[in-house]
Structures are given as C-alpha cells and as structure tokens.
Amino acid sequence: MKKILGILGLLVFIYLATWLFSDLLTGRDSFLKGYTQMNLLRRTSLFAIISIGVAFVIISGGIDLSIGSVICLIGVGFPWLLSTFDWPAWVALPVVLVVGGVIGIWHGFLVTKVRLQPFVVTLCGLLIYRGLTRGITADQKQGFGTGDHDGLKWLASGELLHLPVPFWILLIVAVAAGVFLNRTIYGRYLLAVGNNEEAAKLSGIDTGRVVMVAYVICSFLAGLGGVLFVLDQGSAQPTSMGNFYELYAIAAAVLGGCSLRGGQGTIVGVVIGAAVMQVLRQSIILIDWISPNIEFAFIGMVILAGVTADEIVRRVAARRRLAS
Amino acid sequence: MGGTEGEDGAVSAVGAPLLEVRRVSKRFPGVRALHEVDCVLGAGEILAVLGENGAGKSTLMKILAGVQSADSGKLFLDGAVVEMDSVQAALSHGIALIHQELNLANNLDVGANIFLGREPARMGWIDSRAIRREAQRYLDLVGLAVDPGTIVGDLTVGRQQMVEIAKALSVDARVLIMDEPTSSLSAREAEQLFKVIKGLRARGVSVIYISHRLGEVKELADRVVVLRDGENAGELLREEITHERMVKMMVGRDLTHFYSHEPRAAGDVLLEARRLRTPVHPGHEISLQIRAGEVVGLAGLVGAGRTELLATLFGVTPAVGGIVEVDGQEVVMKNPIDAIRVGVALIPEDRKQQGLLLEMAVSENLSMASLKRDRRGYGFLNREREREICGEMIDKLKIKTPSARQTARFLSGGNQQKVVLGKWLALEPRVLLMDEPTRGIDVGAKQEIYALVEELAREGVGILFVSSEMEEVLGMSDRVLVMHEGELRGELLREELSERAVMDLATGGTATDAA
C-alpha cells in the first residue's frame, strides 16, 4: 500500500512538472489539451498491458527480455497474415494470440524442465523472434493494405465512452490479473515461488507449473500488445517494431514495486509505473529544453532517482522496525 | 578452581581480568536490549554466556566486537577504558567475533580467506608464497590438516569453522567470541573444536562462548554468565554448573518437566518403508515403521544420511529402490505433493531456506500448505477459512507476533519455527517428519515444541524426528533409530536408551556392543 502511494506520488509529481514546464511557464496549451491526454492514456494502456505480463514473470523470480521481439513477431505477423495470405481477421487474430501463448509455454519449458536461466532463455528469444520476423517478411514493412479493417483498428485507436478502447482492454486485463494474483491460490503460489522456491516446493506447491503459467501470461500479453500496437500504428517495420519495449515494460514493473528478486509486486503499482514511463516520454516531446536525443538518459535517470528514493525510505523503515 | 580440567592447564579467571564490562546499557526504540550489564573475562578463560533468545547476548557480543556501540557504560581492557566504536577498533584490541553463519568467501581458497583484506603484498602484487606459508602456520595452530590452497566451499562446515578460528588467530586475537559454533557441526567435529578451544585457553587466549547446548557448556566453560531480559541473571562457577541451574537462571523459574514424556500405547502402523534406498546412499536398504501415537527419534552423526532419509520419505529426493506404504497402501513418492496427499508432512532442517517465506506475512506462511484443500471453486482463496486457521494456529502454538500480517522475517527463531509447524498442523498430518526441530531456538520455545510433539502423539500422529542433541533424543523418543554412514544401524527401545548406546551405534558399533 505504502509502495503504491510512493509511485503514485512520483506520477503526480512528474505529471505536474510536465504541465508546469510545457504549458504554464510557456503559456502554451499543449500538454493538458484533450488530444495529448487521450494519446497519453492510450499509450499508457498499451504499455501497461505488456508491463503486467512481465510483472508476473518478475514476481515468479524470473525475467523476460524477449517481450519486444514477441511484439515484433506478432505485430508484424498479424498484418502479414491478413495482407499476404488474405486470412480473415477472425482467424488470424486468435492464431497470433495462441502463438504468443505457445512462446510462453516454450520459455516456461526451458526454464522449469531444462533448468536454463530465464535471462539466457529470453535473451535468446529476443534474438530469435526478431530474426525470424525479419526473415519471413524479407525485412519488408507490413501494413493492412487496402482491406477494410476499420473494426479492427477501432480496438487500438477507437473510443468508447469518451475513453480510448485500449484503456478498457487494460481495465479488463488489469482486473483479471489483480484477481488472479490476490484472490486465487495460484496467485498466492506465484508470490510464494518468487519468495522462496524451495520452501514453496516443500509446502506441496507444483512450482514448475506456477512458473510456467507466469511465462505464458507474459508472452500472451506481449502478443496481445503486439496486435494492439500494430493496429494503433497502422503498419510495422520488422527492424524497429517493439524495439526496447521489454525495457519499458521491465522498468514499469520495477517502478511499480516488483522486486527483481521475486515474490513482490502489485498490478496497480505496475499500471502506475507504466503511466510514469509514458508521461516521461511525453514530457520529452513537449518540454523544449529537454532534447529528444537524450530521451533514454533522461528516463534512465528519473527511474534511478525513483528507485533510489524508494530504497532509502525502505531502509529507514526497516531499521526502525528492527529496532522496535 | 582446581577443577577437573587440569590437563589443559586451565587458568582461573578471577583475579586477572582481561576484559571488563561495566554497567553497559543499550536501548533500541521501544525495547531495552541491555540494562546495566556487568561482565568480567579473565585471561585464558572460557566464559559461556547464556540466555534465551532476546535476552541480550547478541547485543552484548556486538558491543564487544565493535559492531554496535553502547548507550552507556564502559569497557575496560587490561584495566584501561577502551572505545569499541568499530570492528576495526575491536580487532586492533584483539577482540574477534566469529558469527554463527560463517563469514567466509566460499569461492576463495583457505589462505586467501585467512588474509582477506590484508594480503601480504610485494610491489602491489599479492605475495601468494607468503600467504601459503603464514596460512599453514595458523592452520597448524588449530590442528586443521588441509592445504591452504583448498577452496573453502569444498570444506565441511566444521573445517570452515576452523578456518575462521585460524583467521581470528592471524590477527592476534586475545578474545575470541564464538556465537553458536557447533550448531551445524557433527559430534566429531564439535569434539575437535572443543579440543582447539581448550588449546587456545592453554595459550592464554580467552573465549566467550555462546550456545544453546547446555551439555557442551558444561564440558567447556570455566564460568557461566546468564542474561535474562537484558539484565544479569546470575553467574555459575565451574563446579556449580549443572543443567538444572543453568535452565533455571535462564528462564527464571524451575522447569520440573523439561521433557514431559508419558508412556503411550502405540497404535497401527501408519508409515512403513521396506528396503528403501535413497539416492544419496543407494547401497543401503532401510526398513522402518512409524506407528500412530509414536515419537521415534532418528539419531546419528551429521552426514549419517538422516536428512536424506526424511527427504526421500517426503518425496523431495525420490527413492531409487524399495517401497513406502502408508496405511498399508503402497505410495510412490515422486515429489512432496504425493507425500502430502497421504498425510505426511516435513519440518525441514533449515527453516529460513526451506521452511519459511521470509518476506511474506505470518498468515500467508501458516496457510500455505492448506490453501489448496480450503480453496473455493475455480481456485479462489477462501479468506475466511484462512483467517480462522491463522488465528487457531497462533493461539494453539502461542506464536508471539504483533499481528498475523507481520512479515515472517521479523519473528524470533522460536516463533518462526512455530510458524513452520503451524503450516503443517493446519493440514492435520498423520505422519510428521521433523528435521532438527529445535535447532537454534531458545529454551522456552524448545520446551513448548516438546510439549506440542507430546500432544500430537497423544492425538495419534506418528512422529519421526532427527536431532543432533542427545538430550532431546533421549528425552522425547519412545524409540530411537540410529544411522551410521547411510545405514540404519540399529533400534533402541525407550528402556534401552542411553547416551552411550546411541553413540555406539552412531559411530558404527552394534547394539550388542553397547549392552
């Protein structure tokens, strides 16, 4: 709870700072204007969906570096199936989502049965899925062509009740993830496995299956993200689609209170963490004196400052607690 | 003094104080850790400091070793006031603390560990020849016959302990503080350690010895100082040291029935192993039975295969041969889930690594094993039932915690162990396997656990417990199985039980030799 308040405070601070420097001090109306806010909400929702996915893996004590490439494979593969093979959307969509899930099963198998380290497994995934995508599409940009896909595009760029549709999709995903994590025994098992795998095993938990589920959720949500991202952008380049998205997702999860040691994290925190990331990116666009060239450096430094402050607060609290 | 330890040249402490603690107090917000504690240590004296967990022993030792500083009070060394404001300061005064969890770099060799942080150097390069030579000297001093080039991680815990002592000697320690040094040593290693400690005493080194094992305190200590609730509770000279007196001083009351063993009639056979072979000792076939309402001790030296046997009976390391039957039905135990299904539970040896989810709440720990049984449809948590079970277990086991939501890490060792026990009791197991159930917990909590084991046995639970504490084995068991190097060496009924009989079997003798 305290952790969520901390990250919420950071979000409010960055939001107000962006408003101050982009609008108030310059007399413009660029940040608070409806279009910007809607766009911010849409992008936050898209990134929050993939961040929730990686949060499950991080809570299990693992890591997934392949998210960006899974987004690339699915995000490029989906329009490729539609335009090159004329698959109907109602066939292609379930197929690519299943492919996402299968990638998760594959990762989970390598981690739990072959006992490879998650870092290695998903690092190789990062290379493989991007290379694969570039290979099968001959590095050609994939779009939706001339076909009528307005219904599909509504999923990513449409509005429902005056809010972006991806926001409603995120709401469904986040509520389902929150219920799973906090209200089911499997969610509790996931926290236990991340906390102490051996103790969890000795308590009668099928730890392998729990970890497997985490990877499936992660890759499935990355796949869903890939579909939504490409619908939002209209087309996708195999070389650039999803580049660095795994890092945005991991950063959002960590900002949101997931410990890379595993066993800790909340869905609400992760969503707020994703929002922090997107407000930061928006601030770079809108604030004149922050050069777009230093985007990564800027984001990196803000996150570092955030987690450092958090760690210091926690240490002081722990010391007080130990002493009392 | 003129006691029985003459052969090692024991020197009486009183009269030649080396280190003096005068009216030392230490407060932490909300708790008084030490209140005007006095303590004297003579040159060449072995002083045992006793007390329950939370009595202030560790705080006092940390103050002596410069890890923490006192709020008030003074420390005298050779009659002069000294400030121990850092570990370096304490070391320069010749005071070294050996932690219970050893502080060695497992990936480095013995010599590198002994000289870690102060490597002899020539022109900026580490002089490994000098390290070897000097390390060898200190290893000889502690009688450890290993090459200085051996990687520390490859040594047994007992030998690592010797390396720690050698390291302390290499900084010319005059006072060696040892915190529970034998908690993970085999009997033989402990014997070797005692020999070294006595040897140090003969050379004029003073030792402050902290242990929950009163038997070894009786063997080693020249004097015993007891702390209770942060204050001096009393002192015993060598000839006054008895088990009862020490316990009484520690808990502040008589413990008339430390082990409350009552004869019970054993019921039906609950668990039976026939010609069972564990993956660690596949060459030995083990057959045993556990009956309802029976407390069976599993004795043996460290490394005898007791932990491995429990692990196989619980399905952690599946058997490579033989069968296990529960209620006369053969059960294939491929993992703990199979064992739990038929009502077998295991309290593991290392509660922090294997028993607890340290960063999770007490309540989440207590319900972990029973969540599945109590779940609602579609795997939803049954939070009401979870709350009920937690309340029940906290009451039944008298777990001292500010609330069920407290993080398990912040509980004392005894209460942590009760949480691990509670996790299984919530599942109402029929066979309870316990591996060193009272290791490192204080006398009060130990007694509560003994009473609980008795109660469970009365309710018809079959209990098989491993313990390296002879008193515990003798006090609790209806029957003792003794292992030696992977083999089940023999069985002793309660009326045949004696320390000697157990040790004979544990060291490879036979029951008839002992009789």
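Given the structure is predicted, the values throughout are model-derived calculations rather than measurements.

1. So, the overall build of chain A
What chain A contains, in helices and strands, is 13 helices and four strands. Per-residue burial over chain A gives 47% buried out of 324 residues. When contacts within chain A are restricted to residue pairs at least 6 apart in sequence, long-range pairs at least 24 apart make up 78% of them.

2. Some details on the overall build of chain B
Summing up its helical and strand segments, chain B has 19 helices and 22 strands in all. The C-alpha radius of gyration of chain B comes to 24 Å, within 12% of the 24 Å expected for a compact globule of 515 residues. The buried share of chain B, taken over its 515 residues, is 46%. Considering only intrachain contacts with a sequence separation of at least 6, the fraction spanning at least 24 residues in chain B is 67%.

3. Brief notes about the interface of chain A and chain B
The figure often quoted for interface size is the accessible area lost as the parts come together. The partner chain B presents 29 residues to the 22 residues of chain A that form the contact. Elements supplying a minimum of two residues to the side of chain A that touches chain B: helix 8 (185-195), helix 9 (197-202) and helix 13 (295-323) of chain A. Among the elements that take part in the side of chain A that touches chain B, helix 8 of chain A stands out by supplying six residues, more than any other. Looking at the side of chain A that touches chain B, its residues break down into seven nonpolar, eight polar and seven charged.

4. What about helix 9 (residues 306-313) of chain B?
With seven of its eight residues buried, helix 9 of chain B lies for the most part within the structure. Two residues or fewer past helix 9 of chain B, Gly315(B) is found with a positive phi of approximately 85°.

5. A few points about helix 12 (residues 267-286) of chain A
If you check helix 12 of chain A, its first and last C-alpha atoms are 29 Å apart, about what 20 residues at 1.5 Å a residue would give, namely 28 Å. Taken across its 20 residues, helix 12 of chain A has 15 buried, putting it largely inside the fold.

6. Notes on the environment of Met470(B)
Residues and elements named next belong to chain B. Mapping Met470 onto the fold places it in helix 17 (residues 470-476). Between the alpha carbons of Met470 and Thr278 there is a distance of 25 Å; along the sequence they are 192 residues apart. Once you skip the residues sitting within four places of it in the chain, Met470 turns out to touch Gly215, Glu499 and Val502.

7. Considerations on the sheet that holds strand 22 (residues 487-493) of chain B
Residue and element names in this part refer to chain B. Pairing in this open sheet of six strands is mixed, and the strands run 18-19-20-15-21-22 from one edge to the other. Edge positions in the open sheet fall to strand 18 (344-347) and strand 22, since each of these has one partner strand only. Between one strand axis and the next, the sheet turns by 20° as a mean value, whatever way the strands run. Two elements, strand 21 (residues 479-484) and strand 22, share six bridges in a ladder whose sense is antiparallel. Counterpart to His484 in the pairing with strand 22 is Glu487. Along the sheet, helix 9 contacts strand 15 (295-300), strand 18, strand 19 (431-435), strand 20 (462-466) and strand 21; its crossing angle with strand 19, the most-contacted strand, is approximately 150°. Along the sheet face, helix 16 (residues 443-458) touches strand 15, strand 19 and strand 20 and points at about 150° away from the line of strand 20.

8. Describing the confidence of the model for chain B
Residue and element names in this part refer to chain B. The pLDDT averaged across chain B works out to 86; a share of 93% of its residues lies at or above 70. Averaged over each element, pLDDT in chain B is lowest for helix 19 (residues 511-514) (48) and highest for strand 18 (96). Segment residues 1-14 is flagged for pLDDT under 50; beyond a separation of four residues in sequence, or across chains, it makes 22 contacts in the model. Taken together, the chains of this predicted complex give a pTM of 0.79 and an interface ipTM of 0.87.

9. Comments concerning unusual backbone geometry
Despite not being glycine, Asp139(A) shows a phi value in the positive range, around 65°. With respect to the element layout, Asp139(A) can be found in the loop between helix 5 (118-136) and strand 1 (142-143). Here Asp139(A) falls in the exposed class, since 11 other C-beta atoms lie within 10 Å of it. Of note, Glu436(B) is a non-glycine position whose phi angle comes to about 50°, a positive value. One can find Glu436(B) in the loop between strand 19 and helix 16.

10. With respect to the pairing of strand 11 (residues 223-228) of chain B
Residue and element names in this part refer to chain B. Burial runs high along strand 11: five of the six residues are buried. Pairing of strand 3 (residues 46-50) with strand 11 involves four bridges; the strand directions are parallel. By the bridge assignment, Leu47 is partnered in strand 11 with Arg223. By the bridge criterion, six bridges tie strand 11 to strand 12 (residues 231-237) in an arrangement that is antiparallel. The residue of strand 12 that forms the bridge with Val224 is Leu236. From the end of strand 11 to the start of strand 12, which pair antiparallel, there are two residues, and Asp229 there has a positive phi angle of about 50°.

11. Let's talk about the packing of helix 3 (residues 67-84) of chain A against helix 10 (residues 207-233) of chain A
Residue and element names in this part refer to chain A. Where helix 3 contacts helix 10, the axes come no closer than 7 Å and their chain directions differ by 50°. Comparing the axis directions of helix 3 and helix 10 gives the class oblique. In the packing of helix 3 onto helix 10, the handedness of the crossing is right-handed. Facing Ile67, Val70, Ile71, Ile74, Gly75, Phe78 and Pro79 of helix 3, the residues of helix 10 in contact are Ser219, Ala222, Gly223, Gly225, Gly226, Val227, Phe229 and Val230. Per-class residue counts for the contact of helix 3 with helix 10 are 10 nonpolar, five polar and no charged.

12. Here's the deal with the sheet that holds strand 16 (residues 321-326) of chain B
Residue and element names in this part refer to chain B. Spatial strand order, 14-13-16-17: four strands in an open sheet with antiparallel pairing. Edge positions in the sheet fall to strand 14 (286-291) and strand 17 (329-331), since each has one partner strand and no second. For this sheet, the mean inter-axis angle between neighbouring strands, taken without regard to orientation, is 20°. Of the strand pairs in this sheet, strand 13 (residues 269-277) and strand 16 are connected by five bridges, and their pairing is antiparallel. Bridge assignment links Arg277 to a residue of strand 16, and that residue is Gly321.

13. Remarks on the pairing of strand 15 of chain B
All names here are of chain B. Taking burial as the measure, the six residues of strand 15 include six buried ones, the bulk of the element. Two elements, strand 15 and strand 20, share four bridges in a ladder whose sense is parallel. Bridge pairing in strand 20 places Val295 opposite Ile463. Pairing between strand 15 and strand 21: five bridges, direction parallel.

14. Notes on the packing of helix 4 (residues 128-141) of chain B against helix 5 (residues 157-170) of chain B
All names here are of chain B. Put simply, helix 4 and helix 5 touch, their axes get as near as 9 Å, and they point 115° apart. Considering their axes alone, helix 4 and helix 5 lie roughly perpendicular with respect to each other. Two packed elements cross with a definite hand, and for helix 4 against helix 5 that hand is right-handed. Note on element contacts: helix 5 touches helix 4 through Ala166, Leu169 and Ser170, opposite Tyr138, Leu139 and Leu141.

15. Section: the environment of Gly34(A)
Assignment of secondary structure puts Gly34(A) in helix 2 (residues 34-59). Distance from Gly34(A) to Glu197(A), taken between C-alpha atoms, is 47 Å for residues 163 residues apart in sequence.

About the cut-offs
- Residues numbered from 1 in each chain as written.
- Chains lettered and ligands numbered in written order.
- Predicted model: local features only at pLDDT ≥ 70, side-chain atom pairs only at ≥ 80, totals over all residues.
- Helix = DSSP H or I, 4+ residues; strand = E, 2+ residues; numbered from the N terminus.
- Buried ≥ 20, exposed ≤ 12 C-beta atoms within 10 Å, placed from the backbone.
- Contact = placed C-beta atoms within 7 Å.
- Rg over C-alpha atoms; globule rule 2.2 N^0.38 Å.
- Nonpolar A, V, L, I, M, F, W, Y, C, P; charged D, E, K, R; others polar.
- Expected span 1.5 Å × (residues − 1).
- Pairing = 2+ DSSP bridges.
- Axes fitted to C-alpha atoms, helices over the stretch in contact; angles between N-to-C directions.
- pLDDT = per-residue confidence, 0-100.
- Parallel < 35°, antiparallel > 145°, perpendicular 65-115°, else oblique.
- Left-handed = near helix turned anticlockwise from the far one by under 90°.

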